[in-house]
Amino acid sequence: MAELITIDDPDDPRLSDYANLTDVELRRRREPAEGLFIAEGEKVVRRAVQTGYETRSMMLSPKWVDAMRDVIDALPAPVYVVSFELAEQVTGYHVHRGALAAMRRKSLPDAAGILATARRVAVLETVNDHTNVGAVFRSAAALGMDAVLLSPDCADPLYRRSVKVSMGAVFNVPYARLADWPHDLEEVRAAGFTLVALTPAADAVPITEAAPQRLPRVALLLGTEGAGLSARALRAADQRVRIPMSNGVDSLNVGAAAAVAFYAVATAPAAG
Ligand SMILES: C[S@@+](CC[C@H](N)C(=O)[O-])C[C@H]1O[C@@H](n2cnc3c(N)ncnc32)[C@H](O)[C@@H]1O
């Protein structure tokens, strides 16, 4: 059972994992370097624990102690109980969800291991917005994608905002970073995947005609807000596919496009 420790000093070093959570640049450097990430809110903290992430500590306001009692009872890590005011002083924002946990990262699988067993993967290029990464993972989990592969410059799926937007789906969907972009797309193809680039370009094939659900193994390439997929990624793809749009809208947000494409490949059993 976890030890409950009441803390009333915002500079207490035991709270350092939670310091300056609003300083995005600092946290982006610090968390991967220290093998740390932050789970926020009761559901997300529970999901992190259930999916086997090790807890370094938890920081709760008193009213969350009862709600989290079962988790606390099974936790071999300290639980710091702090007032809302102190939580705000430490983190830099009003922690209205009241429960934060500092978790230990696991080592990431390599892409080859993922590709050996997956049939449907999403491949993100330069998706550097944490909200979009979280949204893509949430849809990937909900719509049965097997894994997500990230170009080297994609945002961290375990950054607090990504974790929160994904509602913890980042813990369930395996992911890996491709080190050499876009060269490593060849590795994806060599594993038997057809590379399908999602692009709103008018000359791309409408997704209903392309029928990517018929492919035995499919990798859906999605690009960043603004620029979209790079010319090199588009050249590397086997097919270019578009989601038809109405009312003069020129593109969907990448999270929305991902959900439509994931649904399209999930709606029929893959052949072969
Ligand atoms: C906001 S869009 C980028 C728009 C960019 N101007 C372009 O031409 O790709 C972000 C990503 O979402 C996907 N996307 C957005 N709308 C799409 C559509 N209608 N059809 C297929 N993919 C789409 C693409 O992968 C795109 O790279």
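Cut-off values and rules
- Residues numbered from 1 in each chain as written.
- Predicted model: local features only at pLDDT ≥ 70, side-chain atom pairs only at ≥ 80, totals over all residues.
- Heavy atoms only, no water.
- Helix = DSSP H or I, 4+ residues; strand = E, 2+ residues; numbered from the N terminus.
- Buried < 20%, exposed > 50% of the residue type's maximum accessible area, 1.4 Å probe, protein only.
- Contact = heavy atoms within 4.5 Å.
- Lys, Arg positive; Asp, Glu negative; His and termini not counted.
- Charge placed at Lys NZ, Arg CZ, Asp CG, Glu CD.
- Patch = residues over 30% accessible without salt bridge, like charges linked within 9 Å, V, L, I, M, F, W, Y side chains within 5 Å.
- Areas by Shrake-Rupley, 256 points an atom, 1.4 Å probe, with all protein chains shown as cover.
- Salt bridge = Lys/Arg side-chain N within 4 Å of Asp/Glu carboxyl O.
- Pairing = 2+ DSSP bridges.
- Core = buried A, V, L, I, M, F, W, Y, C linked by side-chain atoms within 4.5 Å.
- Domains from an automatic or database assignment.
- Arc of directions from axis to C-beta.
- UniProt positions renumbered as here; feature names shortened; annotations may be inferred.
- Axes fitted to C-alpha atoms, helices over the stretch in contact; angles between N-to-C directions.

## Side note on the overall build of the chain
Right, so step 1: Scanning the chain from N- to C-terminus turns up twelve helices and twelve strands.
Right, so step 2: Along the first, second and third principal axes, the C-alpha atoms of the chain reach 60 × 40 × 30 Å.
Right, so step 3: For the chain, the residues scored as buried account for 50% of the 272 residues in total.
Right, so step 4: At a minimum sequence separation of 6, the contacts of the chain that also span at least 24 residues come to 77%.
Right, so step 5: A gap of 5 Å separates the mean positions of the 29 positive and 33 negative side-chain charges of the chain.

## Considerations on a positive patch on the surface
Right, so step 1: Taken together, the side chains of Lys 43, Arg 47, Arg 97 and Arg 138 make up a positively charged region of the molecular surface.
Right, so step 2: In this structure, Arg 97 sits in the loop between α5 (84-91) and β5 (99-104).

## Remarks on the pairing of strand β12 (residues 239-242)
Right, so step 1: As judged from the three bridges shared by strand β9 (residues 194-198) and β12, these two strands associate in the parallel manner. The residue bridging Ala 197 from the neighbouring strand is Arg 240, located in β12.
Right, so step 2: Alignment of strand β10 (residues 205-206) against β12, held across two bridges, turns out to be parallel. Within β12, the position partnered with Pro 206 by the bridge is Arg 242.

## Here's the deal with unusual backbone geometry
Right, so step 1: With omega at 0 degrees, the peptide bond leading from Trp 181 into Pro 182 counts as cis.
Right, so step 2: You can see Pro 182 is positioned in the loop between β8 (175-177) and α9 (185-190).
Right, so step 3: Positive phi is not limited to glycine here, since Asn 20 has a value of about 55 degrees.
Right, so step 4: Structurally, the position occupied by Asn 20 is in the loop between β1 (4-6) and α1 (24-34).
Right, so step 5: Its identity as a non-glycine residue notwithstanding, Met 167 has a phi of 55 degrees, on the positive side.
Right, so step 6: Mapped onto the fold, Met 167 is located in the loop between α8 (160-165) and β8.

## Notes on the nonpolar core
Right, so step 1: Counting 55 residues, the largest nonpolar core has Met 58, Leu 60, Val 148, Phe 171, Leu 198, Leu 220 and Phe 262 as its most contacted members.
Right, so step 2: Of all the elements, helix α12 (residues 254-266) adds the most residues to this core, at seven residues.
Right, so step 3: Composition of this core by domain shows at least three residues from each of domain 1 (4-104) and domain 2 (111-266).
Right, so step 4: Discounting residues that sit within four places of it in the chain, Val 148 has contacts with Ala 122, Leu 124, Phe 137, Ala 140, Val 173, Pro 174, Tyr 175 and Ala 176.
Right, so step 5: Val 123, Ala 176, Phe 193 and Ala 197 belong to the second-largest nonpolar core, a separate cluster that totals 22 residues.

## What to know about α1
Right, so step 1: Along α1, the residues that are buried comprise Arg 27, Arg 30 and Glu 31. The arc that holds the buried residues of α1, viewed along the axis, is 95 degrees, so those residues lie on one side. Exposed residues pointing more than 90 degrees away from the buried face of α1 are listed as Arg 29 and Ala 33.
Right, so step 2: Gly 35, located one to two residues past α1, shows a positive phi value of around 65 degrees.

## Side note on the pairing of strand β3 (residues 55-60)
Regular strands show a simple pattern: their side chains alternate between the two faces of the sheet.
Right, so step 1: Along β3, six of the six residues are buried, which leaves the element largely enclosed by surrounding structure.
Right, so step 2: Pairing geometry for β3 and β5, over five bridges, is antiparallel. Paired with Leu 60 across the strands is Ala 99, a residue of β5.

## A word on helix α2 (residues 42-50)
Right, so step 1: Regarding α2, the residues found buried are Val 44, Val 45, Arg 46 and Ala 48.
Right, so step 2: On its buried face, α2 is in contact with β2 (36-40), β3, α3 (63-67), α4 (69-73), β5 and α8.
Right, so step 3: Two residues or fewer after α2 comes Gly 52, characterised by a positive phi angle close to 90 degrees.

## Thoughts on the UniProt feature "domain: tRNA/rRNA methyltransferase SpoU type" (unreviewed entry) in the chain
Right, so step 1: In this numbering, the UniProt entry assigns the feature "domain: tRNA/rRNA methyltransferase SpoU type" (unreviewed entry) to residues 121-263.
Right, so step 2: Helix makes up 31% of residues 121-263 and strand makes up 19%, while its end C-alpha atoms are separated by 12 Å.

## Here we look at the sheet that holds β8
Right, so step 1: With parallel pairing, the seven strands of this open sheet are ordered in space as β8-β7-β6-β11-β9-β12-β10. At either end of the open sheet lies a strand with only one pairing partner, and these are β8 and β10.
Right, so step 2: Here strand β7 (residues 147-150) pairs with β8 via three bridges, running parallel. The residue bridging Val 148 from the neighbouring strand is Tyr 175, located in β8.

## A few points about the sheet that holds β3
Right, so step 1: Read across the sheet, five strands follow the order β1-β4-β3-β5-β2 without closing on themselves; strand pairing throughout is mixed. Edge positions in the open sheet fall to β1 and β2, since each of these has one partner strand only. The average angle at which neighbouring strand axes cross in this sheet is 20 degrees, direction not considered.
Right, so step 2: Where β2 meets β5, five bridges bridge the pair, whose relative direction is antiparallel. Bridge pairing links Ile 38 to Ala 102 in β5.

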